[in-house]
Amino acid sequence: MKMIVDVFDTENLLFMVLVATVIALAFAGYFYKFVWSKDKGTEEMQKVSNAIETGAMAYLKRQYKTIGIVVVILAIIIALCSFAGEPFSDYLNYKVAIAFVIGAAFSVLSGFIGMKVSVNSNIRTSAAAKRSLGEAFQTSFRGGALSGIAVSALSLFGLFLVVLVYNALIGDNVSVEAPFGTLTPTLHAVVGYAFGASFAALFAQLGGGIYTKAADVGSDLVGKVEAGIPEDDPRNPAVVADLVGDNVGDCAGRGADIFESTAAEIIGAMVIGTAVVSAGAYMGMDNKWVFLPLVLMAFGLIASLVGILVVRMKENDDVVKSLNKGYYVTIALNVVFLAITTYMLLGSDYWLNFFIAGIVGIALGLSIVYLTQYYTGDHKPVKGIAAASETGAATNVIEGISVGLESTVLPVVCIVIAIVTTYLLGYAAAPEFLGVKVEPMVFGFYGTAVGTIAMLASSAFILAEDTFGPITDNAGGIAEMSGQPEEVRDRTDKLDAAGNTTKALTKGYAMASAALAAFLLFAAFFEIVAEVKGVYLSDVFNVNLGDPLVFVGGLVGAALVFFFASLAIRAVSKAAGEMVEEVRRQFREDKGILAGTSDPDYAKCVDIATRGALKTMVVPALLPILVPVVFGLIWRYVVGPMVPDFEAYTAVGALIMVGTIVGILMANFLNNGGGAWDNAKKYIEEGNHGGKGSPAHAAAVVGDTIGDPFKDTAGPSIHVLVKLLSTICLVTAVLFV
């Protein structure tokens, strides 16, 4: 049986996936040796670090058990559809079920890698801060880089391996309609991989977000506001749970998030690639168009490695500027690689339009980075929230909400420009036959796909910056809890402030990629609908919101986002309430804790956060699976038959589209508003508006506490939600036709 995926064919450049993976593993080995060679500091520092690692591992073990049970149940359901007969068994079968399990397992592994690297880098960063800021920066960033490289390499190679194996099993499917063979049947199975990755990532991100913010809110409200003790003070019973949360939320959760982003969007782009090949097969368009996303990500991984390597910082340098240098190098190399790849794979007649589409995607990523820095960094919006804190918590909250709402506007303007430009570039590139463009809509979607993948190509560097954040946060906590000199905490605080900005950037980046990929994933859904119906994509891609039966689909999608955000924030509130009561109880019953003569019961608070997260994450995580499937089945088999010629898949399409639109806006509001509140508090703590202990600081702590579940629980989880909506519908599209 002949395969289409030939790694030994130098013309398709697929060998670059293997080359990039090998180089990435070599870099990961080098950074591992560098970070692990650093000392782990004093015995007191190691005691704190060990408690953090123990708590994080205990939580992940219980969380992964829960994920595993749900994954197995869903995989069995998908596999049983093999007995439903055609066309259902062509799209829902044991091959899809196996890919689903593999995607979920790799997503979980990505989160585990991120967490494991973080808990071993934080102690070494804290110890390095005793010597110099430069050494602490290098240790923390290379720890983050190790995580970013490992997760990105796993995402790329894991997906490539699944495509390779499934293509070997399924074959090339050469036919009159597909003279070069088609990967369409292979990708029918591989979409299960994207679904599994997104599903596990939502559990990891949501559960980790609930854990970290329940601990953080409880720690801040009683420790800072009521007891008046510093952040990360060892007398606070919730402080270890707070530090554990940084790892299970910001590292394990975000690692799984970035993994599923790249997996889902590469697969979506490949599905659109098959539609391009189908439309232009008799004009010489072959499967190189399908392979382009994989090759672009391979080159992007190499570019990120170089960018990571050039990051350096001297003692008095600005941390964010030092990181930006590496990001600029990564972008510059991605532009060069984009030109080479599009020219070699798409040919001289088509490459230029798609190269420019890729540039637009990269520019969107850069724009979102700058806008996020503006709204969450040391600029006018954050300073405005800090100034509003002087008149109390209420004005702080009002100003913070207004900043969050405003912060959605400019990113949407950038996203609109990017989607329209990339679509028109692809549309214009469509070949002509007898003076008529052939399937221009498909080529337009492919332009958007190239823009999305080009933006995602720097994901390894972005994830390195993201993991850098919780590493530095934990390093500061370890320094505080182990009683290190003030100069050590000053160094870790400087890194932590930059880490807050980089974490916010990653959320903006993830949301922008989800927005740009929105039409790509919509188109992939409708492409599968077109395959089932045996027609062209342009024949089915028609969602008429003027039809009441379709309009209500959009309404359900919008409401789903709000309900999901509500459940996520309420879960934090409930668990944080338990945490507050427990910390108050310990302070009340043991006066020696605040006096420093007895140790608090850290384990009790860790257990509260763990139970709270695991108990409340299941229902919201299942919503994006159950709602579109149940809605689609009701509309297909109950409502649809009452109306002649009504197509249920259009209502499901409306649900995905409107849910995505609302999700993009909601996530931007939550992420940027929460980040601005956090940094307004830090701005006051630097000595502005009265500094620590002032009324303005107390008001800012309240705002920061409200922003915590916004930016670290609901907001990041919505990134995954909007992609899971599309991937679940990709897998189950046949049910609605």
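Let us look at the structure shown here.

1. So, the overall build of the protein
Phase 1 of the analysis: The helix and strand inventory of the protein stands at 23 helices and two strands.
Phase 2 of the analysis: Over its C-alpha atoms the protein spans a radius of gyration of 25 Å, differing by no more than 12% from the 27 Å that the globule rule assigns to 737 residues.
Phase 3 of the analysis: The C-alpha extent of the protein, read off along each of the three principal axes, is 85 × 55 × 45 Å.
Phase 4 of the analysis: Burial analysis of the protein (737 residues in total) assigns 65% to the buried set.

2. Examining the environment of M115
Phase 1 of the analysis: By the element assignment, M115 lies in helix α4 (residues 94-128).
Phase 2 of the analysis: Using a relative accessible area of 0% as the deciding quantity, one classes M115 as buried.
Phase 3 of the analysis: Each residue touching M115, except ones within four places of it in the same chain, is listed here: A56, M57, L60, N247, C251 and A252.

3. A closer look at helix α5 (residues 133-170)
Phase 1 of the analysis: Compared with an ideal rise of 1.5 Å per residue, which puts 38 residues at 56 Å, α5 spans 55 Å between its outermost C-alpha atoms and is within 8% of the ideal.
Phase 2 of the analysis: Capping the start of α5, S132 holds a side-chain oxygen 3.1 Å from the backbone nitrogen of E135, two or three residues further along.
Phase 3 of the analysis: Once α5 ends, the next one or two residues include G171, with phi positive near 95 degrees.

4. Some words on unusual backbone geometry
Trans is the prevailing form of peptide bonds, just as negative phi is the prevailing case for residues other than glycine.
Phase 1 of the analysis: At E439, a position not held by glycine, the phi torsion is positive, near 45 degrees.
Phase 2 of the analysis: Along the polypeptide, E439 turns up in the loop between β2 (436-437) and α14 (440-456).
Phase 3 of the analysis: On the basis of relative accessible area, E439 is assigned to the buried category, the value being 16%.
Phase 4 of the analysis: With a phi close to 55 degrees, H689 is a non-glycine residue in the positive phi region.
Phase 5 of the analysis: Among the structural elements, H689 can be located in the loop between α22 (648-685) and α23 (695-732).
Phase 6 of the analysis: Taking relative accessible area as the criterion, H689 reaches 28% and is therefore assigned partly exposed.

5. Some points on the pattern of salt bridges
Phase 1 of the analysis: Within the structure shown, the criterion is met by 24 salt bridges.
Phase 2 of the analysis: Salt-bridge contacts for K213 lead to D708; the nearest nitrogen and oxygen are separated by 3.6 Å. Pair noted here: K213 is in helix α6 (residues 184-226) and D708 is in helix α23, with a separation of 495 residues, a long-range link. Across the pair, exposure class does not vary: K213 and D708 are buried alike.
Phase 3 of the analysis: Connected via shared salt-bridge partners are K213, D216, D678, K681, K682, D704, D708, K711 and D712.

6. Description of the packing of helix α8 (residues 288-310) against α14
Phase 1 of the analysis: Orientation of α8 relative to α14, taken along the N-to-C sense of each, is 15 degrees, at an axis distance of 9 Å. Classified by the angle their axes make, α8 and α14 are roughly parallel. Taken as a pair, α8 and α14 cross one another with a handedness that is right-handed. Residues W289, L292, P293, L296 and M297 of α8 form the contact with α14, whose own contacting residues are F443, Y446, V450, I453 and L456.
Phase 2 of the analysis: Here the residues of the contact of α8 with α14 sort into ten nonpolar, no polar and no charged.

7. With respect to the packing of aromatic side chains
Phase 1 of the analysis: Under the counting rule described, the total for this entry stands at 33 aromatic pairs.
Phase 2 of the analysis: When the ring of Y374 is compared with that of Y375, the centres are 5.0 Å apart and the planes differ by 80 degrees; the resulting orientation is edge-to-face.
Phase 3 of the analysis: Exposure remark for Y374: the relative accessible area of 33% places this residue in the partly exposed category.
Phase 4 of the analysis: Both rings, one in F525 and one in F526, keep their centres 5.0 Å apart while their planes meet at 75 degrees; by these two values the pair is edge-to-face.

8. Thoughts on the nonpolar core
In a soluble, globular protein the nonpolar side chains are often hidden away together inside.
Phase 1 of the analysis: Grouped together as the largest cluster of nonpolar side chains are 261 residues, with contacts concentrated most on F199, W289, F525 and I718.
Phase 2 of the analysis: With 22 residues, the single largest contributor to this core is helix α7 (residues 239-280).
Phase 3 of the analysis: With near-sequence residues (within four places) excluded, F199 lies in contact with V70, V71, L74, F100, A621, L622, I625 and L724.

9. Description of a nonpolar patch on the surface
Phase 1 of the analysis: Side chains of L626, V630, L633, I634, Y637, V638, M642 and V643 sit close together on the surface and give an oily, nonpolar patch of about 700 Å² of accessible area.
Phase 2 of the analysis: The residue V638 is located in helix α21 (residues 618-639) in this model.

10. Some points on helix α13 (residues 409-429)
Phase 1 of the analysis: If you check α13, its first and last C-alpha atoms are 31 Å apart, about what 21 residues at 1.5 Å a residue would give, namely 30 Å.
Phase 2 of the analysis: Every buried residue belonging to α13 is among P411, I415, A418, I419, T422, L425, G426 and A429, and all of these are buried. Seen along its axis, α13 keeps its buried residues to an arc of 140 degrees; they face one direction.
Phase 3 of the analysis: In the core, the buried residues of α13 are packed alongside α10 (351-376), α14, α16 (486-533) and α22.

11. Some details on the side chain of T372
Phase 1 of the analysis: Structurally, T372 can be placed in helix α10.
Phase 2 of the analysis: Only 2.7 Å separates the side chain of T372 from the backbone oxygen of I368, close enough to count as a polar contact.
Phase 3 of the analysis: In this structure, T372 is in contact with G377, A504, L505, G508 and N672, ignoring residues within four places of it in sequence.

12. Brief notes about the packing of α13 against α16
Phase 1 of the analysis: With their axes 10 Å apart at the nearest point, α13 and α16 run at an angle of 35 degrees to one another. Considering the relative orientation of α13 and α16, their crossing is right-handed. Contact with α13, carried on its side by I415, A418 and I419, involves A515, L516 and F519 of α16 and no other residues of that element.
Phase 2 of the analysis: Across the contact of α13 with α16, the residue classes break down as six nonpolar, no polar and no charged.

13. What to know about the environment of E527
Phase 1 of the analysis: Checked against the element boundaries, E527 lands in helix α16.
Phase 2 of the analysis: Judged by relative accessible area, which is 10%, E527 ranks as buried.
Phase 3 of the analysis: Here E527 is in contact with V271, A275 and L537, once residues within four sequence places are set aside.

Definitions and cut-offs
Residues numbered from 1 in each chain as written. Predicted model: local features only at pLDDT ≥ 70, side-chain atom pairs only at ≥ 80, totals over all residues. Heavy atoms only, no water. Helix = DSSP H or I, 4+ residues; strand = E, 2+ residues; numbered from the N terminus. Rg over C-alpha atoms; globule rule 2.2 N^0.38 Å. Buried < 20%, exposed > 50% of the residue type's maximum accessible area, 1.4 Å probe, protein only. Contact = heavy atoms within 4.5 Å. Expected span 1.5 Å × (residues − 1). Polar contact = N/O pair within 3.5 Å; in protein donor to acceptor, adjacent residues only side chain to side chain. Salt bridge = Lys/Arg side-chain N within 4 Å of Asp/Glu carboxyl O. Axes fitted to C-alpha atoms, helices over the stretch in contact; angles between N-to-C directions. Parallel < 35°, antiparallel > 145°, perpendicular 65-115°, else oblique. Left-handed = near helix turned anticlockwise from the far one by under 90°. Nonpolar A, V, L, I, M, F, W, Y, C, P; charged D, E, K, R; others polar. Phe/Tyr/Trp six-rings, centres within 6.5 Å; stacked < 30°, edge-to-face > 60°. Core = buried A, V, L, I, M, F, W, Y, C linked by side-chain atoms within 4.5 Å. Patch = residues over 30% accessible without salt bridge, like charges linked within 9 Å, V, L, I, M, F, W, Y side chains within 5 Å. Areas by Shrake-Rupley, 256 points an atom, 1.4 Å probe, with all protein chains shown as cover. Arc of directions from axis to C-beta.

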